[in-house]
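This is what each chain is made of:
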Amino acid sequence: MDTNLVSREDYITDLPESIIETILTKLPLRDAVRTSVLSSKWRYTWTTLTELRFDDDCCISDAHHRALPETGLVKFVNQFLLLHNGPITRFTLSSEYLERCPYVDQWLLFLSRKDVQELSFGLAETEWFKAPSCLFSCKKLIALELVRCELDPPLHFKGFPNLKRLNLQQISIAPDAVETLISSCTLLESLTLSYFEGAKLTVRAPNLTYLMLEGYFKDICLENTPMLVVVSIAMYMAEAYQSSSCNFDKVLGGVPSIQRLTGHSYFAKYMSIGNTLGKIQPTYRQLKIIDLYQVSFDDMTEIMVILRLILSAPNLQTIQIEGSSWSTDPLDLDFWDKECPRDATFAQLKVVKLTQISGLPHEMRFIEFLLGNSPALEVMDVTKNVYETDEDEDMFMEILAFERASDDVEFMFAEDQV
Amino acid sequence: MSEPDVIKPEMMKSYIWLQTADGSIQQVEQEVAIFCPFICHEIHAGMGSSKTYPISLPARVNPVTLSLILDYCRFHQVPGRSNKERKSFDEKFIRMDTNRLCELTSAADSLQLKPLVDLTSRALARMIEGKTPEEIRETFHIPDDLTEEEKLEPLKNITDDPRIRLLNRLYARKRKELKEKEKLKNVEVEAEHVDDRSVDELLSFINGENGDSKEVKTAKNKKKNRRRKEQQKNAPPVCANSNTSSSPSNGTKESNGVSSVSRDDRVKGHCLPNISELLKLQDSEDDRFALDDDFDDCDIGDGIDPEIKEQIDREVEDFARRLNSDWPERVQELLSLGQERRPSLYSINGNGCSTKRSNASGLEKHEK
């Protein structure tokens, strides 16, 4: 055994500090603290950990224990922070039991002085935590994640100068405050808003590459987001909203670099509202994946949205659509001949996956259109909604009979009992 | 490979020369070796292309670990592997004895091979998670060099586990015992005080009604603590009580730093009949110990309410039950050690309150 590697027999204690810290970071905090009884050299090793994660596992919640679970956690955090020595770069607090209490505010104050870089707070569901103003003085923040919070940025707040990732879930914040927050964090690369109840949202984030929006929106406008690569929007709209301008342009008008688009719920519907004002429609050269849910093939305008999308994405590789259509009416079928250019070619399209298809006329036309114009298609995966009364396999037979541009298509058919 | 400093482009595979700290030199495919950032940098700096100019690897890399690292690199540098394959390889790869694993971690770190450092660190963390300190020391051959005192010193009670709190209390008593042993080898340690936090609290609450005495008591406690526990850095909520008794008489009430008073306090409790004996014993000890002069009038009032005593009893039982159901052997040892010296069933701490102390058999009694 090489004696220069180990001191006496101890294998681990003399490993470089960075490795010990890596190991301790991979332990739950309780276990990390417990290493202090191992030997004299281990006594205070844990006190310099820079990444801290506090959750309900930190203290044993004992049935006999008179104190409430959250009291245990509060004590743990307090004692830990008092004994901790050194900078804290990442701090996560996640508890189902801990409701807001004065200590939480104090911890935030403490952290704001420690130049914390990544912060994640998620407390109990019962009461939303009102973020104290010291949160907004964490100037070194790179990543911020808040769950069930009330945010009220102070007037003098000029944004987090280093913030790259922002994740707000179930946040209560004034609409213009959130817009200002987003636009003032100029380095912002990733933005996630979930369970968001807002009215209009205009996103101005010149460095943003990842965007995920989910909630009740009346209006979404991506005004200054030239670097966006991944967009995922789940809109729950109460009723149809008539827009004077074109929603498609508002959302996708300024994202030339987009590579992946995901739209849930009312997204396709929302996109279909409004007419394009004759502006030159951008080409999405990088767009590779389109993933849409609850698309109603009954609605001509929604079909137009899809067509517009796929026709302006010459490098599209994957289309995934979940349908939500009912009408067996074969009206307006000539729409397809009118709107689909015969020479359209989806040169890169490899995978098409359609679910919740009922074999309705418009759905079939769409499949036919794709099959006939995708010379590189490899997979056509269709899942049919089967009602109890249904027996026939006509839909699949019909699909197989369509003219296909690619010889190598693998058909995958499945049925979903509804 | 006859020309130094020149890599022949027409060779199918380039080889790189590496030298470990012991002097041995070996040849490795370049595509494998450059997976290590350290080696990559050295190659860019012009080293390693021939036997006469091998890349000197950091001291922490010995031939065995180097070979392991190269195996790792050889597998992972192939781009076409699936995540599943890689994961499966990793799992098999880290199966080695602990010593080797530590060496490997160290070597990978010095070669800046971060994915391997992560992998091995995770494996080492798994060996630590959930284990007792003894098990961990065993696994890694960590010398158990904390002094008895340090080990017995409360662990700053981070986890707030009631078992740890009790352990701390018991350790504290044990420590006190050890101290006394040192000081007075001739004197038989007789009556011991019960460390009775919950009762302390009750009493201080009671005493709180005579505002004065409580404050006085607390201040004196603090003095005592400061002197006694110079090794402790904080005033922990569960403080090392200087009372030595191993009876699990304390309930689950949180004590907020009101430590029980040390044994040399004069006992003034009048609660139970056989106290007087103890009183005598304690008084005599007091003379000898006299650690703290100023603590005289701990006049605590009229003794314990029968209700409170009942509550104490209940707490004791409850705690003992829990204690015995999942307590590590060591503590059992401790308990039985302490039990041997109990002369009487009741003991009193400085505050004059009494608790039912259980001896070893008493413990079982409680269990039932």
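All values reported here derive from a predicted model rather than from experimental measurement.

Enquirer: Hey, could you run me through the overall build of chain A in this one?
Expert: Across its full length, chain A carries 11 helices and 17 strands. The 418 residues of chain A split such that 50% are buried. Restricting the contact set of chain A to residue pairs at least 6 apart, pairs at least 24 apart contribute 64%. For chain A, the exposed area adds up to about 19200 Å²; of that, 49% sits on carbon and sulfur atoms.

Enquirer: Explanation requested: the nonpolar core in the structure shown.
Expert: Nonpolar side chains in soluble globular proteins tend to be buried together. Judged by nonpolar contacts, the single largest core of 173 residues is most densely connected at A:Phe54, A:Phe91, A:Phe121, A:Leu252, A:Ile310 and A:Ile399. Discounting residues that sit within four places of it in the chain, A:Phe91 has contacts with A:Leu52, A:Phe54, A:Leu81, A:Leu111, A:Val116, A:Glu118, A:Leu119, A:Ser120 and A:Phe121.

Enquirer: Where do I start with the packing of aromatic side chains in this structure?
Expert: The relation between two aromatic rings is expressed through the spacing of the ring centres and the mutual angle of the planes. Under the criterion given, the structure shown has 21 aromatic pairs over all chains. Plain terms: the ring middles of A:Phe54 and A:Phe76 are 5.7 Å apart, the flat faces sit at 75° to each other, and that makes the pair edge-to-face. Separated by 22 residues along the polypeptide, A:Phe54 in strand β1 (residues 51-55) and A:Phe76 in helix α3 (residues 69-83) bring together distant segments of the chain. Ring plane angle 5° and centroid distance 4.0 Å describe the contact between B:Phe75 and B:Phe89, whose orientation is recorded as stacked. Of this pair, B:Phe75 sits in helix α3 (residues 63-76) while B:Phe89 sits in helix α4 (residues 83-93); the two residues are 14 residues apart in sequence, bridging distant segments of the chain. Accessibility classification places B:Phe75 together with B:Phe89 in one group, the buried group.

Enquirer: When you look at the pairing of strand β3 (residues 118-122) of chain A in this model, what are you seeing that I'm missing?
Expert: In the case of a regular strand, side chains alternate between the two sheet surfaces. All names here are of chain A. Counting buried positions along β3 gives 4 out of 5 residues, so the element sits mostly inside the fold. Both strand β2 (residues 90-94) and β3 contribute to a ladder of 5 bridges, which runs parallel. The residue bridging Ser94 from the neighbouring strand is Gly122, located in β3. At this point the chain moves from β2, through helix α4 (residues 102-113), to the parallel β3, and the crossover so formed is right-handed. Of the pairings in the sheet, the one linking β3 to strand β5 (residues 143-150) comprises 5 bridges and is parallel in character. Looking at the pairing, Leu119 lines up with Leu144 of β5.

Enquirer: Explanation requested: the packing of helix α6 (residues 114-128) of chain B against helix α7 (residues 133-140) of chain B in the structure shown.
Expert: The relative placement of two packed helices is expressed as an angle between their axes plus a distance between the axes. All names here are of chain B. With their axes 9 Å apart at the nearest point, α6 and α7 run at an angle of 140° to one another. As far as their axial angle goes, α7 and α6 are oblique. When α6 is examined against α7, the residues Leu124, Met127 and Ile128 are found in contact with a partner set consisting of Ile136, Thr139 and Phe140. Across the contact of α6 with α7, the residue classes tally to 5 nonpolar, 1 polar and no charged.

Enquirer: Could you clarify how one ought to interpret the confidence of the model for chain B in this entry?
Expert: Residue and element names in this part refer to chain B. On average, chain B scores 64 in pLDDT, and the residues at 70 or more come to 40%. Segment residues 209-303 is flagged for pLDDT under 50; beyond a separation of four residues in sequence, or across chains, it makes 226 contacts in the model. Every residue in residues 340-368 scores below 50 in pLDDT, and together they form 101 contacts with partners more than four places removed in sequence or on other chains. If you check the scores for this complex, the pTM reads 0.66 and the ipTM reads 0.73.

Enquirer: How should the sheet that holds strand β2 (residues 25-29) of chain B be read in this particular structure?
Expert: To summarise the sheet geometry, strands pair through backbone hydrogen bonds and adopt either a parallel or an antiparallel arrangement. All names here are of chain B. The 3 strands lie next to each other as β2-β1-β3, forming an open sheet whose pairing is mixed. Either end of the sheet is taken by a strand with one partner, and the two such strands are β2 and β3 (55-56). Sheet analysis places strand β1 (residues 15-19) next to β3, joined by 2 bridges and oriented parallel. For Gln19, the partnering residue across the bridge sits in β3 and is Ser56.

Conventions used here
- Residues numbered from 1 in each chain as written.
- Chains lettered and ligands numbered in written order.
- Predicted model: local features only at pLDDT ≥ 70, side-chain atom pairs only at ≥ 80, totals over all residues.
- Heavy atoms only, no water.
- Helix = DSSP H or I, 4+ residues; strand = E, 2+ residues; numbered from the N terminus.
- Buried < 20%, exposed > 50% of the residue type's maximum accessible area, 1.4 Å probe, protein only.
- Contact = heavy atoms within 4.5 Å.
- Areas by Shrake-Rupley, 256 points an atom, 1.4 Å probe, with all protein chains shown as cover.
- Core = buried A, V, L, I, M, F, W, Y, C linked by side-chain atoms within 4.5 Å.
- Phe/Tyr/Trp six-rings, centres within 6.5 Å; stacked < 30°, edge-to-face > 60°.
- Pairing = 2+ DSSP bridges.
- Right-handed = clockwise from strand over helix to strand, strands pointing away.
- Axes fitted to C-alpha atoms, helices over the stretch in contact; angles between N-to-C directions.
- Parallel < 35°, antiparallel > 145°, perpendicular 65-115°, else oblique.
- Nonpolar A, V, L, I, M, F, W, Y, C, P; charged D, E, K, R; others polar.
- pLDDT = per-residue confidence, 0-100.

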